[in-house]
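Coordinate analysis (summary)
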Amino acid sequence: MSKAVFRHIPITPLSADELLDLSKKHKLSLSREDMLVIQAMFKEENREPTDVELEVIAQTWSEHCKHRIFGAKIEHTLDGKKEVVDGLFKTYIRNVTHRIMDKKPGFVLSAFVDNAGFVKVDDQTAICLKAETHNHPSAIEPYAGANTGLGGVIRDILGAGKGAKPIASLDVFCFGPPDTRQEDIKAKDVIHPLGIMRGVVRGVRDYGNRMGIPTTSGAIQFDDTYIYNPLVFCGTMGVIPIKDIEKEVKPGHLLIAAGGRTGKDGLKGATFSSVSLTTSSHEEDQTAVQIGNPIEEKKVADFILAAREKGLIQFVTDCGAGGFSSAAGEMLSTVGGEVWLENAPLKAPDLESWQVFISESQERMVIAVEESAMPELQKLADIYETEICKLGKADGTGILKVMHHGEVVCRLDNSKLHEAPRRHMTATWTTPKRGEDTYIPFEEVEVGNELLKMLMADFAIVSREPIIREYDHEVQGHTVLKPLAGASGDAPQDGSVIRVEGTQQYAALSVALLPEWGKTQPHLMGRACVDECVRQLIAMGANPERIAILDNFCMGNPDDHTELGALVETVKGMAITAEAYGAPFVSGKDSFYNYFKTDEGPISIPCTLLVSGFGVVEKKEHVVGASIRRTGSKLAMVGQASSGLAGSVFARMIVKNARDEVGFPNAPQFSEAEAFEAYERYHELVKRGVVLSAHDVSEGGLAVALAEMGFSGKAGLHVDLSLVPTLDSTPVAEHLFGETPGRIVFEIDDKHAHLAEEAGFTIIGQTTDDGFLTITNQDQQLVHLPIKELKPIWQTGLTEYY
Amino acid sequence: MPLPHALILKFPGTNCDAETARALKVAGFSAEVLPIALLEPGKLDTAQMILFAGGFSYGDYVMSGRIAQLITKHKLGDKLRQFVDKGGYAMGICNGFQILTQLDLLPRGSLIHNESGRFICRWAGLKKNASSPYLSELPDEFELPIAHAEGRFMGVGDDTANYVANGRAALLYTEDVNGSSQRIAGLQDDTGRVFGLMPHPERFVNKVTHYDPDWSQAERGWGYYMFKSVRDAMAG
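The next subject is the overall build of chain A. Within chain A, the regular secondary structure consists of 27 helices and 34 strands. By the compact-globule yardstick of 28 Å for 802 residues, chain A fits well, its C-alpha radius of gyration being 27 Å. For chain A, the residues scored as buried account for 67% of the 802 residues in total. Accessible surface, chain A as shown: approximately 26,800 Å² in total, 49% of it carbon and sulfur.

Encoded structure:
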């Protein structure tokens, strides 16, 4: 089309109800209050908006882009007591981070302002991390949804600073159990968890592998509540010279679009993801989901990195949700400028103006450059075989003016556009009462043996090997601690460690999510997720003072007071631990409306928090794996056990299989102050080079942690529970399978054991040459099994499903 | 004496070029990553080795390496053959092996989808089956990481058995990892200067990238010795 196609939409004469109808008809996902504010805005200007303008406002104000719930004023009632949360983000995330930044000047180089947060590695080099969700698209089209999910977060990194180089990816999924019976799925068109899992894994595989970015970390949670709304988190870490972090668009800069062409695919993804799924979503919203083209992205990545090295980039950002409208909108948000839609290369010529501007076609970046750099940029684009065009120009007016074939199709005052009306919300949470835990007797060693074997075969614990092997986790040649390692290269680790190019240092990467606690103990979930993520990084050798984290939230219906209450409690818990550990949040994201309307009512996911983190490992000698390395060494314990099994994998397993009434209402307890102080003492041992291996105690408890350490096949392990430090009179079940946060088991050479003891750690056992995992309580055997028997149970648990 | 110059071709989708260049430099080469758009026949005159690196050239949506092979042929014509005939070295790693196979510089055969139908990323045991300038400083058995979806080598008729017998199959897996006929992992031409393999030597240059922290069979990773072998062979 060689002319602009747009129309004016009369809204000034409409009533509030009519405005809401209009919002629904055009799928704008704007509330009645939003529509009234927009109406007032145009009444003041004495004109009607164009369809382009309405679409721009809808996407700018969408929950997906604006995170209005994290900015809302929330009246929260906890156990009957009222409190007002003046913005979750500001109160519990940004302010906490700023206080930590004040205490640790120079570590965090940028947080919340760019596509990803940056931390310093050395005087020249910084690393950054970003994680995103792609839940709704993955529910409807798992392969394409996950494919573009990873593609999108990689572009976030390419658009961080003046273009960071992606060096590792992480992928975390929440699925329904693989053995879900089809007849138990209560809505038609919902894809069986196996279909979701296979599609999602292949989607990640085909994007990450083709991009040449190692997928090194991840996790999978299986639970019935994720059958209707699977969760797909994709994250990428990048590296950049510190001098290239600061970026600014100035009047006179040209905006160029680079990469893929613009088409009708991916229309309204931002607004689509800001409502719940229904059966009709599977029929109607297919246009919101796209197929990725990783080679297109690889070409634009090569182009951007080469252009950045030559100093040709002034500002860069990706086209994510909202397409050009969000990218150009962000770049011109204060400076103002013109956009020329007719210059954008199109996939097909029949696009209307609004479609060009908000299409979310993949693999596109927008870059601000000096006009004089154009010839050199064009040369680079030719070399790397990517397409570039002049999309617009910054002009210093503060007004966003979108032109299409000479006509103004959108003219908005940026200061007004970026001020969405604030939401007021209500939340409530009631802490579950403590009570009697069911007592599990362990008189016979067979009981412990059988329960441990059952746990090793639980979907929560079994090896993710079939999936990990489909990801290239070694490309770029810097993966030092691999997701599977140990003597035969197939034992689980706490995360991964990557050498940071251009430095002599390493970055550890780990993830933690504990959604079972999201159902009953959200505050503890928030605390424990931060603890586990940080603890894993420290176990792998990261300096406790040089760790930064991200928070990614997913929840169901924010208008449900209890569901929102769980979120508020999670955020509060998370903030406490992050502040105690001095681990700043440098980036984060949230995803709401993860509920599905079935005929029998809505089904929501539990409030789910993913904490992903990265930490600096200062020397290669500090890198610690989770696999036992030799016989005759000592095993020591960081932290202490406590009673309480609520939310543990063990409790879930017992409840599922019990014939009688059983219950585990009590959650474990831990102290952040004590935990972190112990981590610092542990790190001193790491720096002395005496820690041979270390593993965090998490899902499945101490028994599972010890078994996993033994999967290196190099030695047996013997631990005496009577030596294990405890907070209270901890029953045997909790000792073996409890999930009290704050704990690490580490292996130390016999001749260095005194160093561990002098550092305040208790020796709880030793490695042996009998090949058995033996757990005793003084003379009583509680577990006694050949590791050779346990390993195949754990290793093959997913093979029949994937 | 100037360092031998290695030219690493970078197609859209090639993604192991940076670490391959790094590995070559450590082993004593000067290495240049050349985007395919800049390739012209005269470029070969500057190099002693041409290297096809790993990745997914043009996405490998057709047959792996197919489009890269067509573009290379189009750009270089007979020049590549002449380069090898005049004593030049050509190496292909993973996707580069797939491309080399299609360029008719190696014994005939093709690399098809793994028997499992899956991408596979793991370490594989390897054994030398013939002498090769690329293997001279390696022990009879060693290991390297593999990462491929299409690494199963198939020949026509008795081809693969013959390659094992006559030493064209220079490198074999010690166990079956992908269904490759005769467990072939790497091939050489009759001069030995053209060598292609599915495993990734560039990912194991330093001990620290081995999966076992206690690995201590050599001073450096096996991949280093592969590049060092061919470097020393060039020096004569």
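Structure shown, so let's carry the discussion forward.
In this section: the overall build of chain B. Counting its regular elements, chain B contains six helices and 11 strands. Compactness check: chain B gives a C-alpha radius of gyration of 16 Å against a globular reference of 18 Å for 236 residues, within 12% of the reference. For chain B, the spread of C-alpha atoms along the principal axes amounts to about 45 × 40 × 30 Å. The buried share of chain B, reckoned over its 236 residues, is 61%. Taking all contacts inside chain B whose residues are at least 6 apart in sequence as the whole, residues at least 24 apart take part in 74%. Of the roughly 8,500 Å² of accessible surface on chain B, 48% is carried by carbon and sulfur atoms. Distance from the positive charge centre (24 side chains) to the negative charge centre (26 side chains) of chain B: 3 Å.

Turning next to the packing of aromatic side chains. Given two aromatic rings, their pairing is described by the distance between the two centres and the angle made by the two planes. Following the criterion strictly, the structure yields 28 aromatic pairs over all chains and no others. Within the aromatic cluster, the residues linked to one another by ring pairs are W123, F142, F204, Y211, W215, W222, Y224 and Y225 of chain B. Positioned above the aromatic ring of F761 of chain A, the side-chain terminus of R681 of chain A is 4.9 Å from the ring centre. A cation sits over an aromatic face here: R220 of chain B above Y224 of chain B, 4.6 Å from the ring centre.

In this section: the sheet that holds strand β4 (residues 89-93) of chain B. All names here are of chain B. Strand order in the open sheet made by the nine strands is β2-β1-β3-β4-β11-β10-β9-β6-β7, with mixed pairing throughout. Both outer strands of the open sheet, β2 (30-35) and β7 (141-148), are each paired with one neighbouring strand and no more. Between one strand axis and the next, the sheet turns by 20 degrees as a mean value, whatever way the strands run.

Let us look at the confidence of the model for chain B. In low-pLDDT segments, the atomic positions of the prediction should not be examined closely. A residue-level look at chain B finds 100% of positions with pLDDT of 70 or above and a mean pLDDT of 96. The complex prediction reports pTM at 0.96, with the ipTM value standing at 0.97.

The buried fraction of helix α3 (residues 51-60) of chain A is high, at 10 of 10 residues. Taken together, the buried positions of α3 of chain A are occupied by D51, V52, E53, L54, E55, V56, I57, A58, Q59 and T60 of chain A.

Further remarks concern the environment of C533 of chain A. Residues and elements named next belong to chain A. Structurally, the position occupied by C533 is in helix α20 (residues 522-539). Given a relative accessible area of 0%, C533 falls into the buried group. The contact partners of C533, leaving out residues within four places of it in the chain, are S510, A512, I549, V611, S612 and G613.

What counts and how
- Per chain, residue numbering runs from 1 following the sequence as it is written.
- Chains and ligands are labelled sequentially in the order written, the chains with letters from A and the ligands with numbers from 1.
- Predicted model: local features are reported for residues with pLDDT of at least 70 only, side-chain atom pairs are reported and counted for 80 or more only, and whole-chain, interface and lining totals are derived from all residues.
- As a rule here, side-chain values come from all non-hydrogen atoms in the structure, and water together with hydrogens is ignored.
- By definition, any uninterrupted DSSP run of H or I lasting at least four residues is a helix, any uninterrupted run of E lasting at least two residues is a strand, and each is numbered from the N terminus.
- Only the C-alpha atoms count toward the radius of gyration. The rule for a globule is 2.2 Å times the residue count to the power 0.38.
- Partly exposed residues are those whose accessible area sits between 20% and 50% of the maximum for their type, while under 20% is buried and over 50% is exposed, using a 1.4 Å probe and protein chains only.
- The Shrake-Rupley method, run with a 1.4 Å probe, gives the accessible areas here. Residue values count only the displayed protein chains as cover.
- Residues are treated as being in contact if the distance between any of their heavy atoms lies within 4.5 Å.
- Counting rule applied: Lys, Arg positive; Asp, Glu negative; His and chain ends not counted.
- Lys charges are placed at NZ, Arg charges at CZ, Asp charges at CG and Glu charges at CD.
- Each Phe, Tyr or Trp ring (for Trp, its six-membered ring) is paired with any other whose centre lies within 6.5 Å, and the angle between the two planes then decides the class: stacked below 30 degrees, edge-to-face above 60, tilted in between.
- Any Lys NZ or Arg CZ that is within 6 Å of a ring centre and within 35 degrees of that ring's normal is treated as a charge sitting over the ring.
- Note on pairing: two strands pair once DSSP finds at least 2 bridges between them.
- Where helices are involved, their axes are fitted lines through C-alpha atoms of the stretch in contact, as for all axes, and angles between N-to-C directions lie from 0 to 180°.
- A residue's pLDDT is simply how confident the predictor is in it, with values from 0 to 100.

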